[in-house]
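# Structure assessment
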Amino acid sequence: MFILSSSSPTTTFFISTATTTPTPKARVSFSSFVSSSSSSVRFCTRRQPIPSLFHSFKASAMAEMLQDKESPAPPPAATTSPGETSKDSRTFLNATTEQELLAGITKEIETGRLPSSVASGMEELYHNYKNAVFQSGNPRADEIVLSNMAIVFDRVFYDVEDPFVFEPNHKALREPFDYYMFGQNYIRPLVDYRNSYVGNISLFYEMEEKLQQGHNIVLMSNHQTEADPAIIALLLEATNPRIAENMTYVAGDRVLIDPLCKPFSMGRNLICVYSKKHMTDVPELVEMKRKANTRSLKEMALRLRGGSQLIWIAPSGGRDRPYPNTEDWYPAPFDTSSVDNMRRLVEHSGTPGHIYPMALLCHNIMPPPPQVEKEIGEKRVISFHGVGLSVSPGISFSDIATACKNPEEQAKDLYTQAVYNVVMEQYNVLRSAIHAKQGLEASTPSVSLSQPWN
């Protein structure tokens, strides 16, 4: 709201010997979401890194994501504006210890290039991420934390200096810096694969066949964390890498403007919209947000007409939150208008389309704040934990409408509730498997759990 390898998941990564190349900055215009700030260009010289085992580990990490891939031309969202020159700050990438990395934050505050509000979030993120990765017991945890956080700090600082602006239809930036792999490698060490599961994996193979035939696929899902796209991709990369890599996410504007979240969003295919939960945060912007959402819907309709689209959407309009009294987590109710708009877009595309209810359970890894916040810059609480996803066969809207005495008024609500109920059913199976430690034994006749990376 997060390149992809088909090898089995592991917390040891970055095995590349490619050489690091400078990264040109992408700039596009989409003023409805954010306005770009300074367009100044700063040139930086490279000093030779200090030889060490860790630096070799980190250098290969950057090489994998910065390697110059052979392709005719970068996508529109990755082009460089006229007169713009690439730049590459080494403040964070040259750090060889935790002390040097955190000192880089202080240095950039003093130069005036890094706002203190962003800097405090970066430091907090470092410590929370470090604690979570060390929970995994990985013997290379210290190297993984320092390497991943150095790259995160570099990307955040890079964007603060020259903000990237998302278009309504954003294509994942894969070169010359691979933001997709960046997101995958950051979240990977937070996933406890021993206690993670996929429900009904055979349906993902079915989806691949339909996509190859030109059909459209829509996953109507609950939404739990900013890391949902990476979680989905990580659980599917061993069996369905094309689905993991090519999925398009309907994303709210907050993940497009939060400095600590933006770099991860840049690595995903997105349809950018304004969430209903934040539509009225600034009253004078309501009309602008509505018009922007209309443009995004038109963009989605055009894509669906072309066929072979795989779209993930959370009809609740935001992330799940725990019930205040019990602290239990369950999928938030789906919004009928969101479900019906998506259904009609699929049905009127002129291309065969299928809607699959999907459940996600991953809130332990990066839960949202207990309450919906208006301000940008939420605290990132991070943990090492098992996660899960599951899909079920689609539900026929026509069958529901036929059974209604007053289809116009009842069918939309009944269909939305039916989709939500199936998501809840799958979620409860995942909950039993992961939180109640029932594992594969939690499978039911309608939800068959597996660990396809084993």
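## Re the pairing of strand β8 (residues 388-391)
- Burial of β8 is two-sided: the residues G388 and S390 facing one way and the residues L389 and V391 facing the other way are all buried.
- In this sheet, β8 lies alongside strand β2 (residues 197-199) in parallel orientation, the contact comprising three bridges. Along β8, the bridge assignment pairs G199 with S390.
- Relative to β8, strand β7 (residues 353-361) runs antiparallel, the two being bridged by four bridges. Its bridge partner lying in β8, L360 is registered against L389.

## Notes on helix α6 (residues 202-212)
- Those residues of α6 that fall on the buried side of the exposure criterion are L203, F204, M207, E208, K210 and L211. Burial along α6 is one-sided: seen end-on, the buried residues are contained in an arc of 165 degrees. Facing away from the buried side of α6, by more than 90 degrees, are the exposed residues S202 and Q212.
- In the stretch just after α6, G214 is the one whose phi turns positive, near 95 degrees.

## A closer look at the nonpolar core
- One finds M149, F153, I187 and L219 to be the most contacted residues of the largest nonpolar core, which totals 82 residues.
- With 12 residues, the single largest contributor to this core is helix α4 (residues 141-161).
- Those residues in contact with I187 that sit more than four places away from it in its chain are A227, A230, I231, L234 and M366.

## Some words on the sheet that holds strand β1 (residues 169-170)
- If you trace the nine strands from one edge of the open sheet to the other, you get β1-β5-β4-β6-β3-β7-β8-β2-β9, paired in mixed fashion. Pairing within the sheet leaves two strands with one partner each, and these edge strands are β1 and β9 (449-450).
- Strand contacts of α6: β2, β3 (216-221), β6 (310-313), β7 and β8, with the helix running at about 145 degrees to β7, the strand carrying the most contacts.

## Concerning the pairing of β7
- For β7, the buried fraction is high: seven of the nine residues fall into the buried class.
- Looking at chain direction, β3 and β7 are connected through six bridges and run parallel. Paired with I217 across the two strands is H354, which belongs to β7.

## Comments concerning the pattern of salt bridges
- A full pass over the atoms with the stated rule returns 17 salt bridges.
- When the shortest N-O distance is used, the salt bridge between E98 and K130 registers 2.8 Å. You can see E98 sitting in helix α2 (residues 98-110) and its partner K130 sitting in helix α3 (residues 116-135), a full 32 residues away along the chain.
- On the basis of relative accessibility, which here comes to 21%, the residue E98 falls in the partly exposed class.

## Some points on unusual backbone geometry
- With an omega dihedral of 0 degrees, the bond running from E175 to P176 counts as a cis peptide bond.
- Residue position: P176 is located in the loop between β1 and α5 (179-187).
- Positive phi, close to 60 degrees, is recorded for S308, a residue that is not glycine.
- Mapped onto the elements of the fold, S308 is located in the loop between α11 (286-306) and β6.
- Taking relative accessible area as the criterion, S308 reaches 38% and is therefore assigned partly exposed.

## Describing the packing of α3 against α4
- Put simply, α3 and α4 touch, their axes get as near as 10 Å, and they point 155 degrees apart. With respect to each other, α3 and α4 are oriented roughly antiparallel. Like other packed secondary-structure pairs, α3 and α4 cross with a definite hand, here right-handed. In this structure, α3 uses V118, M122, E123, L125, Y126, Y129, K130, V133 and F134 to contact α4, whose residues at the interface are A141, D142, I144, V145, L146, N148, M149, V152, F153, V156 and V160.

## Looking at the confidence of the model for the protein
- Per-residue confidence for the protein averages 81 on the pLDDT scale, and 77% of its residues sit at or above 70.
- Under a pLDDT of 50 for its full length, residues 1-57 has, in the predicted model, 177 contacts with residues more than four places off or in other chains.
- Predicted confidence for residues 67-88 stays below pLDDT 50, and this span has 45 contacts to residues more than four positions away or in other chains.

## Section: the packing of aromatic side chains
- According to the stated counting rule, one finds 16 aromatic pairs in the structure shown.
- For the pair F164 and F166, a centre-to-centre distance of 5.0 Å together with 85 degrees between the ring planes defines the contact as edge-to-face. Taken individually, F164 and F166 each receive the classification buried, so the pair is uniform in this respect.
- Among the aromatic side chains, those forming a connected cluster through ring pairs are Y129, F177, Y179, F182, Y186 and F264.

## Regarding the environment of I382
- Mapped onto the elements, I382 comes out in the loop between β7 and β8.
- Judged by relative accessible area, I382 falls into the buried class, the value being 6%.
- On a C-alpha basis, the gap between I382 and N131 in space is 8.0 Å, while along the polypeptide they are 251 residues apart.
- Filtering out sequence-adjacent residues up to four positions away, I382 remains in contact with L125, N128, Y129, A132, Y186, L190, I365 and M366.

The rules behind each value
Along each chain, numbering runs from 1 in the same order as the chain's sequence is written. Residue-level local features of this predicted model are given only where pLDDT is at least 70; pairs of side-chain atoms are given and counted only at 80 or more, and the full residue set underlies all totals for whole chains, interfaces and linings. As a convention, hydrogens and water are excluded, and side-chain values are obtained from all of the structure's heavy atoms. Exposure is judged per residue with a 1.4 Å probe applied to protein chains only, and the accessible area is read against the type maximum: over 50% gives exposed, under 20% gives buried, and values in between give partly exposed. Per the convention used, a helix needs a DSSP run of H or I reaching at least four residues, while a strand needs a run of E reaching at least two, with both numbered from the N terminus. Any two strands between which DSSP finds at least two bridges are classified as paired. Throughout, the arc means the angular range of directions from the helix axis out to the C-beta atoms. By convention a nonpolar core is built from buried Ala, Val, Leu, Ile, Met, Phe, Trp, Tyr and Cys residues, the set being connected through side-chain atoms within 4.5 Å. Contact criterion: two residues are considered in contact whenever any of their non-hydrogen atoms come within 4.5 Å of each other. Every angle, taken between N-to-C directions, lies between 0 and 180 degrees, and every axis is a line fitted to C-alpha atoms, over only the stretch in contact when it is a helix. Take a side-chain nitrogen of Lys or Arg and a carboxyl oxygen of Asp or Glu: if they are within 4 Å of each other, that pair is a salt bridge. Any angle between 65 and 115 degrees counts as roughly perpendicular, while under 35 counts as roughly parallel, over 145 as roughly antiparallel, and the rest as oblique. Two helices cross in a left-handed way if the nearer one is turned anticlockwise from the farther one by less than a right angle. They cross in a right-handed way if the turn is clockwise. pLDDT is a per-residue confidence score from the predictor, ranging from 0 to 100. Each aromatic pair joins two rings of Phe, Tyr and Trp (for Trp, the six-membered one) with centres within 6.5 Å, and gets the label stacked for planes under 30 degrees apart, edge-to-face for over 60, and tilted for any other angle.

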